[in-house]
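Spelled out, the chains give:
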Amino acid sequence: MRTPSAAVDVDPNQEVAMADGADAASGNADDLAWFTEVVREHSTALVRYFARRGPRQDAEDLAADVFATAWRRRDDVPRHAVLPWLYRTAGFTLANHRRKLVDLPVGEVPDAGTVRVADDPELSALFDAELRGALASVGERDRRILLLHAWEGLDGDELAVVLGISRSGADAALSRARKRLRDAWGERLSF
């Protein structure tokens, strides 16, 4: 895999090598076939997810971390919602990665995070300054919901799985996030 948008060539022998050791002994041929298909089907989407949200040079490594987690927790992955489960895990993986990069004493951790547009690659990719400002003003959770819907194409059950809430809760959260974005957009354009 060379670029985030490139199709992924999966070598089954490579996955067998990755599954070596204790995990390989506990996995059977069906698990390996399932995992191989998951990697083939979803690796490009995961690399793109990370490339839009963090340093591009880390996207493939972060995607590999998600797949390693999927292999270890293969019994917990819902077969009907693999991609949403991967996106949810990717969110946690990215949060952990970002925490590793910041050396901040616990006493200096702010109570509430602020959205810094200039420091956020996913917002920097949006070229319109007014839209960036409107997205920044809706808050991190709403922004995450909006971008999962707009960029990753998630809604309904898939969005619910990623957010860890019910389908009706996800629909309501998306609706509220859209309203807040519309309100923020309207306020910015009224100047």
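The structure this text deals with has already been given above.
Attention in this report is confined to the structure presented alongside it. (Residues numbered from 1 in each chain as written. Predicted model: local features only at pLDDT ≥ 70, side-chain atom pairs only at ≥ 80, totals over all residues. Heavy atoms only, no water.)

What follows deals with the pattern of salt bridges. Per the counting criterion, the structure on display carries 8 salt bridges. Between D31 and R74 there is a salt bridge, with its nearest N and O atoms 3.1 Å apart. Of the two residues, D31 is situated in helix 3 (residues 29-53) and R74 in the loop between helix 4 (59-72) and helix 5 (82-101); the sequence distance between them amounts to 43 residues. Each of the two residues, D31 as well as R74, counts as buried. Here K179 makes a salt bridge to D183, at a shortest N to O gap of 2.8 Å. In this pair, K179 and D183 are both assigned in helix 10 (residues 167-189), 4 residues apart and thus about one turn of the helix distant. (Salt bridge = Lys/Arg side-chain N within 4 Å of Asp/Glu carboxyl O. Helix = DSSP H or I, 4+ residues; strand = E, 2+ residues; numbered from the N terminus. Buried < 20%, exposed > 50% of the residue type's maximum accessible area, 1.4 Å probe, protein only.)

A few words now on the packing of aromatic side chains. Here the distance between the centres and the angle between the planes together describe a pair of aromatic rings. Under the definition given, this model contains 4 aromatic pairs. Ring geometry for F35 and F67: centres 6.4 Å apart, planes at 85 degrees, overall edge-to-face. Taken together, the residues F35 in helix 3 and F67 in helix 4 connect sequence positions 32 residues apart. Look at Y49 and F50: their rings are 5.4 Å apart centre to centre, the planes differ by 90 degrees, and that puts the pair in the edge-to-face class. F50 matches Y49 in its accessibility class, with the two residues each being buried. A network of ring pairs unites the aromatic residues F35, F67 and W71 as a single cluster. (Phe/Tyr/Trp six-rings, centres within 6.5 Å; stacked < 30°, edge-to-face > 60°.)

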